[in-house]
Amino acid sequence: MTIELNLPIFQKIGAVADALGLECYVVGGYVRDLLLKRPSKDIDVVVVGNGIQMAEEFAKSLGRGARIAVFKSYGTAQVKHKGIEIEFVGARKESYQRESRNPIVECGTLEDDQLRRDFTINAMAVCLNEKRLGELIDPFGGVRHLDLKMIKTPCNPDITFSDDPLRMMRAIRFATQFGFFLEESTFEAITKNKERIKIITKERIILEINKIMESPQPSTGFLLMEKSGLLPFVFPELDKLKGVEKRNGRGHKDNFLHSLKVLDNVALKSDDLWLRWAALLHDIGKPATKEWDEQVGWTFKNHNYVGYKMIPAIFRNLKLPLGEPLKFVQKIVLLHMRPIVLIEDEISDSAVRRLLFDAGDDIDKLMLLCEADITSGNQEKVNLYLNNFKIVRQKLVEVEEKDRIRNFQPPIKGEEIMQLFDLPPGKVVGDLKTQIKDAILDGIIPNEYDAALQLLFKIAEEKGLKAKTDL
Ligand code: ATP
Ligand code: MG
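All figures in this text were calculated on a predicted structure; none of them were measured in a lab.

Caption draft 1: Broad picture of the pattern of salt bridges. Following the criterion strictly, the structure yields 26 salt bridges and no others. A salt bridge links Asp164 to Arg167; the nearest nitrogen and oxygen atoms lie 3.8 Å apart. Like Asp164, the residue Arg167 is buried in the burial classification. In this structure, the salt-bridge partner of Arg354 is Asp442, at a minimum N-O distance of 3.4 Å. Taken together, the residues Arg354 in helix H19 (residues 349-359) and Asp442 in the loop between helix H23 (427-441) and helix H24 (449-462) connect sequence positions 88 residues apart. A relative accessible area of 26% places Arg354 in the partly exposed class.

As structure tokens, then:
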């Protein structure tokens, strides 16, 4: 089979390899993505011989504008040219020892190099030498497996996964990204080797989890982690959401499956990775707050607040970033019950103002999550809720137009209060500020400076505070 290579740079690489008398192939993810017609950024090239020498000659042939970085200890070199990144490596043979996590690496043939790769669809190579340009070398049936939508290891999966347990997460990640299934013995080998995932760093695991999160239907990955038994090792808090308890014939929903459904719903509407994380974690506080009440059945009081409190530790354990993304996910999880409460009570202007104030610019994302959170099987109920949310959205727009609450800053600053009444920083100033903010959010005064100043003097007088006379 011949593959049409889509970039002129491949011919240039082939010409340099021919001049050096070396065999040279593009391999792995790039070939797979080409066949899947997916965009691919990184190009990996295998040279049967010295990969670094090949990269240096190739960079020289490109002249100025090409940049090369050599990683001697790995035997690799990267060439960057016109926004394209090409990684060169000599063909290698890897053998793993029982006692060590790191393989012994020696020079090898192309076939050795293909054998060390994780999946048949990742082990295809296309020749770049002029006489064989585009020739596909596919020793393990990668093309057929792409057609079958199947993830399978080229060698005994038990050994593949035991040698490098990260491959178990990669298998599940590829299945999720592409909508593929795991071949039976490959899946079985994951169930058998699941505990070995413990030797892999969290930093490497989270890269795979985030690729699952960014897939069109992320639930696939979490369901596979659950079914294979990996989930409690990589994400114990999520594992605890599983299951339904019944008492007196009354059950609650399975919060694991519900969270996955909400995640998929959000994924249909938004590519925002952190909103997807908020969806996955929105009910994470439920197991800790579950209680049985004879009157109302199962309750999960304050699960949003408990979830909000749990999230920093979850982010730390998973090695997710602790800055803005953490704050955003916490905020959405904390607020995720607010719009629904708004529907259940009546939708008052002041409640809408408070929601706008607390959510700020994240209000649209919060509303998206709340709509995704309606996972009832009863279509009538779903429509009713969605319709009510439409009313909330409309009300949000009206109130925002009128009162500009979204990024509201109280019109009188603390420093000004301190100056006016000759006060030191502290609780008294804080209380005055809060009272003015509340009056605006409750619609008692408009969001304007003069009205706020007037109110400030009135409250101050009630508290017996005197304004400085020299003002
Ligand atoms: P993507 O770039 O979309 O994450 P990829 O398959 O290109 O997917 P890379 O990490 O870029 O993944 O690796 C390039 C190639 O190297 C893979 O296609 C595979 O052939 C090989 N490879 C990567 N990681 C492993 C591994 N842990 N075990 C065996 N082979 C691997
Ligand atoms: Mg890649």
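Caption draft 2: The environment of Asp438, seen in detail. With respect to the element layout, Asp438 can be found in helix H23. Along the backbone, Asp438 and Ile311 are 127 residues apart, and their C-alpha atoms lie at a distance of 29 Å.

Caption draft 3: Looking closely at helix H1 (residues 9-20). In a regular helix each residue adds 1.5 Å, so 12 residues correspond to 16 Å; H1 covers 17 Å between its end C-alpha atoms and thus fits that length. All of the buried residues along H1 are Ile9, Phe10, Ile13, Gly14, Val16 and Ala17. An end-on view of H1 places all buried positions within 165° of arc, on one side of the element. Tucked inside the fold, the buried residues of H1 contact strand S1 (23-27), helix H2 (29-36), strand S2 (42-48), helix H3 (51-62), strand S4 (76-81) and strand S5 (84-90).

Caption draft 4: View of the packing of aromatic side chains. By the definition in use, this model includes 11 aromatic pairs. On the basis of an interplanar angle of 40° and a centroid distance of 6.0 Å, the ring pair of Trp274 and Phe315 is categorised as tilted. With a gap of 41 residues between them, Trp274 in helix H14 (residues 273-281) and Phe315 in helix H16 (residues 303-318) connect regions that are remote in the sequence. Assigned by exposure class, Trp274 and Phe315 land together as buried.

Caption draft 5: Spatial organisation of helix H22 (residues 414-421). Residues of H22 that are buried include every one of Gly414, Ile417, Leu420 and Phe421, and no others. Taken around the axis of H22, the buried residues stretch over an arc of 130°, which confines them to a single face. What points out from H22, more than 90 degrees from its buried face, is the exposed set Glu415 and Gln419. Looking at the buried positions of H22, the neighbouring elements they touch are H23 and H24.

Caption draft 6: Examining the domain arrangement of the protein chain more closely. Under the domain assignment, the protein chain is made up of domain 1 (9-148), domain 2 (150-234) and domain 3 (414-462). Each of domain 2 and domain 3 was reduced to a C-alpha centroid, and the two centroids are 57 Å apart.

Caption draft 7: Region of the structure containing the packing of helix H10 (residues 219-228) against helix H13 (residues 255-269). Between H10 and H13, the least distance of the axes is 9 Å, while the angle of their chain directions is 155°. When the interaxial angle is binned, H10 and H13 end up roughly antiparallel. In contact with Ser219, Phe222, Leu223 and Glu226 of H10, H13 contributes Phe256, Leu257, Leu260, Leu263 and Asp264. Across the contact of H10 with H13, the residue classes break down as six nonpolar, one polar and two charged.

Caption draft 8: Region of the structure containing the site of ligand 1. In the vicinity of ligand 1, 15 residues are found, and the nearest of them are Arg32, Asn122, Asp164, Arg167 and Lys211. Here an oxygen atom of ligand 1 sits 3.2 Å away from a polar atom, N or O, in the side chain of Asp42. In the environment of ligand 1, an oxygen atom lies 2.8 Å from a nitrogen or oxygen atom belonging to the side chain of Lys211. Protein coverage of the free-state accessible area of ligand 1, which is 580 Å², stands at 78%. Here the shell around ligand 1 gets four residues from one element, more than from any other, and that element is helix H7 (residues 166-178). A class-by-class count of the residues in the shell around ligand 1 yields one nonpolar, three polar and 11 charged. Mapped onto the domain boundaries, the shell around ligand 1 takes at least three residues apiece from domain 1 (9-148) and domain 2 (150-234).

What counts, and where the lines are drawn
Residue positions are given per chain, counting from 1 as you read along its sequence in written order. Chain labels run from A onward and ligand labels from 1 onward, assigned in the order the entries are written. The predicted nature of this model means local features are confined to residues of pLDDT at least 70 and side-chain atom pairs, given and counted, to a pLDDT of 80 or more, with totals for whole chains, interfaces and linings taken over all residues. The side-chain figures draw on all heavy atoms in the structure; neither hydrogens nor water molecules are used. Take a side-chain nitrogen of Lys or Arg and a carboxyl oxygen of Asp or Glu: if they are within 4 Å of each other, that pair is a salt bridge. Exposure is judged per residue with a 1.4 Å probe applied to protein chains only, and the accessible area is read against the type maximum: over 50% gives exposed, under 20% gives buried, and values in between give partly exposed. The helix count covers DSSP runs of H or I at least four residues long, the strand count covers runs of E at least two residues long, and both are numbered beginning at the N terminus. A helix is expected to span 1.5 Å for every residue after the first. The arc under discussion is defined with respect to the helix axis, by the directions toward the C-beta atoms. For this analysis, residues touch if any pair of their heavy atoms sits within 4.5 Å. When two rings of Phe, Tyr or Trp (its six-membered ring) have centres within 6.5 Å they constitute a pair, described as stacked for plane angles under 30 degrees, edge-to-face for angles over 60, and tilted for the intermediate range. By convention here, the domain bounds are inherited from an automatic or database domain assignment. Axis lines are fitted through C-alpha atoms, for helices just across the contact stretch, and the angle between N-to-C directions can take any value from 0 to 180 degrees. The labels follow the angle: roughly parallel below 35 degrees, roughly antiparallel above 145, roughly perpendicular from 65 to 115, and oblique for the rest. Polar here means any residue outside two lists: the nonpolar Ala, Val, Leu, Ile, Met, Phe, Trp, Tyr, Cys and Pro, and the charged Asp, Glu, Lys and Arg; Gly therefore counts as polar. In these notes, residues near a molecule or strand are those with any non-hydrogen atom within 4 Å of it. Here a polar contact is taken to be a pair of N or O atoms separated by no more than 3.5 Å, where protein atoms must pair a possible hydrogen donor with a possible acceptor and residues adjacent in sequence count only if both atoms sit in side chains. Areas reported as accessible are Shrake-Rupley estimates using a 1.4 Å probe. Residue values count occlusion only from the protein chains shown.

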